[in-house]
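Structural overview for review
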Amino acid sequence: MEHLWELYANGTWNEPFLIVSICSFVTASVILYLLLIGSRNSHIKNERLRTEYGILIDKLLFTVVFEDLPFSDIIQNENYKKLKDNRFFREFTTESVINLHKNYNGVYARKLEQFYKDSGLKNDSLKKLKSLKWDIRCKGITELAEMNVHEVFDTILTNSKARNKTLQITAINACIKLEGTKGIAHLTEHPYPIDDWTQVNIIAAFKKHDVGDTQGIENLLESKNTTVVALGLKLIKELKLTQKVPFVEQLATQAPNTFLKYEAQSVLQQLTD
Amino acid sequence: MKSMRIVLAEDNDILRKSLSFFLESKGYEVDQFSDGKEALEAIETNNYDLVLTDINMPGISGMEITQYIRQRIQSDIPVIILTSSGVEQTELDSFDIGANEFIAKPVSPAVLLVRINKLLGIRI
């Protein structure tokens with residue numbers, strides 16, 4: 001410290017300062033340049049692998065879906081045998097299976113679900129649920145819900161109580177996809193306010209997944225949490241659940257505050273017009 | 001028998017490739033496009049028996065393709081519209097501009113095949 005002060009006091013600090021600054025700048029530039037090159041190379045390599053694996057994955061999935069190729073035959077495929085434990089290949093296969101599953105229904109979707117289980121891709125998704133990173137957990141939840149893995153419902157339900165908003169909404173959406181109304185039954189006891197953004201997402205999930213059985217939605221109207229009651233009213237209104245009119249009528253007469261009373265009357269008017 | 005030619009316009013790569021694989025395995029000749037504009041150019045210059053198009057696509061939408069076929073080319077080639085939109089109005093608009101069939105995603109290839117065969121008058 002003393003040495004530095006002497007350098008400053010006798011006015012000879014400019015030269016070493018400039019040398020150190022220039023050296024630091026050049027070193028930082030070289031490091032950033034190398035990082036940039038590394039990242040670019042990695043992207044190029046991944047793109048090349050995607051093209052290469054894409055051909056194999058497409059062929060594999062199409063034979064599974066359209067030619068009823070059993071998994072015992074797939075496992076004999078030399079290319080598949082070589083790549084089945086490669087992390088990137090597995091990740092890309094999961095992506096393709098999920099994408100195809102979103103677009104197909106009926107027996108074709110069931111075949112993809114079976115392949116997802118047999119190939120161990122389901123276990124990869126289950127591992128994601130244990131990640132400490134919320135985005136990885138969201139990915140795992142989305143994959144498992146898309147592939148209708150009902151046994152993870154309780155784990156996903158736990159995630160729907162997470163603090164992270166995105167994780168919470170992803171988990172609630174997944175619960176609705178897997179179990180319909182049962183997926184939001186726990187909200188009746190929810191201790192905190194549910195914001196508008198979460199409510200919009202829940203309503204959108206009900207519409208998207210075309211939840212047929214709406215039994216239990218009326219229970220939301222009995223919650224002590226007024227935002228949950230408001231959500232129940234919005235769901236009844238948006239899904240046009242005329243069979244819930246008696247419950248809304250009851251709320252309109254016994255609402256805990258004027259806002260809910262007004263909302264209930266408005267929903268009643270829309271449903272009975 | 002001459003195989004039937006189908007235009008498949010769909011921007012989702014794996015869905016387009018898989019449907020193409022499925023239809024080709026059923027004996028159809030499929031020309032696939034991921035861009036609406038390219039699909040329309042192909043329709044204008046070739047003779048196809050059926051058009052299968054997604055609504056939301058880069059270039060030109062499936063609705064515009066249907067409208068162009070009916071109004072500008074004045075062709076009565078069967079058009080099937082595929083969409084992930086669950087909006088009732090989209091379905092009504094599709095029929096209004098001249099589509100013969102409207103199929104909401106997720107699709108069942110088996111059901112799609114039955115509808116294609118019906119439109120082309122093919123008995124199995």
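1. Details of the overall build of chain B
Counting its regular elements, chain B contains 5 helices and 5 strands. In chain B, the succession of helices and strands from N to C terminus is β-α-β-α-β-α-β-α-β-α. Relative to the 2.2 N^0.38 estimate, which gives 14 Å for 124 residues, the radius of gyration of chain B is 13 Å and therefore close to what a compact globule would have. Overall size of chain B, expressed as C-alpha extent along the three principal axes, is 35 × 30 × 25 Å. The burial tally for chain B puts 38% of its 124 residues in the buried class.

2. Considering the overall build of chain A
Check the secondary structure of chain A and you find 14 helices and 0 strands. Moving toward the C terminus, one meets the helices and strands of chain A in the order α-α-α-α-α-α-α-α-α-α-α-α-α-α. Over its C-alpha trace chain A gives a radius of gyration of 28 Å, far above what one expects of a compact globule, namely 19 Å for 273 residues. Each principal axis of the C-alpha distribution contributes one length, and for chain A these read about 85 × 65 × 30 Å. Here chain A holds 273 residues, and 28% of them are scored as buried. Here the contacts in chain A between residues at least 6 apart in sequence split such that 61% fall between residues at least 24 apart.

3. Quick notes on the domain arrangement of chain A
The domains assigned to chain A are domain 1 (47–119), domain 2 (129–213) and domain 3 (221–273). Put simply, the middle of domain 1 of chain A and the middle of domain 3 of chain A, counted by C-alpha atoms, are 47 Å apart.

4. Here's the deal with the interface of chain A and chain B
Reports of interface size often rely on the accessible area that becomes lost once the parts have come together. Across the boundary between the two partners, chain A contributes 14 residues, which contact 13 residues of chain B. At 5 residues, the largest contribution of residues to the side of chain A that touches chain B is made by helix H5 (residues 87–103) of chain A.

5. Let's talk about the confidence of the model for chain A
Mean pLDDT over chain A: 91, with 100% of residues reaching 70 or higher. Considering each helix and strand of chain A separately, the mean pLDDT is smallest for helix H1 (residues 2–9) of chain A, with a value of 76, and largest for helix H8 (residues 134–146) of chain A, with 97.

6. Here we look at the sheet that holds strand S3 (residues 50–54) of chain B
Residue and element names in this part refer to chain B. The 5 strands lie next to each other as S2-S1-S3-S4-S5, forming an open sheet whose pairing is parallel. Every other strand in the sheet has two partners, leaving strand S2 (29–33) and strand S5 (101–104) as the edge strands with one partner each. Taking each pair of neighbouring strands and ignoring which way they run, the sheet shows an average axis angle of 15 degrees. The pairing of strand S4 (residues 79–83) with S5 spans 4 bridges and is classified as parallel. Directly across from Thr83, in S5, lies its bridge partner Ala104. Helix-sheet contacts for helix H2 (residues 36–45) involve strand S1 (5–9), S2 and S3, and the interaxial angle to S1 is about 160 degrees.

7. Concerning the pairing of S1 of chain B
All names here are of chain B. Burial analysis of S1 places 4 of its 5 residues in the buried class, which makes it a mostly covered element. Sheet topology note: the S1/S2 ladder contains 5 bridges and is parallel. Residue pairing for S2: Ile6 is matched across the bridge by Val30. As a crossover connection, the stretch from S1 through helix H1 (residues 13–25) into S2 is right-handed.

8. Some thoughts on the nonpolar core
Counting 83 residues, the largest nonpolar core has Leu112, Cys175 and Ile176 of chain A together with Ile6, Val7, Val51 and Leu52 of chain B as its most contacted members. Setting aside residues up to four positions removed in sequence, Cys175 of chain A forms contacts with Phe153, Ile156, Leu157, Ser160, Gly183 and Ile184 of chain A.

Rules of the game
- Residues numbered from 1 in each chain as written.
- Chains lettered and ligands numbered in written order.
- Predicted model: local features only at pLDDT ≥ 70, side-chain atom pairs only at ≥ 80, totals over all residues.
- Helix = DSSP H or I, 4+ residues; strand = E, 2+ residues; numbered from the N terminus.
- Rg over C-alpha atoms; globule rule 2.2 N^0.38 Å.
- Buried ≥ 20, exposed ≤ 12 C-beta atoms within 10 Å, placed from the backbone.
- Contact = placed C-beta atoms within 7 Å.
- Domains from an automatic or database assignment.
- pLDDT = per-residue confidence, 0-100.
- Pairing = 2+ DSSP bridges.
- Axes fitted to C-alpha atoms, helices over the stretch in contact; angles between N-to-C directions.
- Right-handed = clockwise from strand over helix to strand, strands pointing away.
- Core = buried A, V, L, I, M, F, W, Y, C linked by C-beta atoms within 7 Å.

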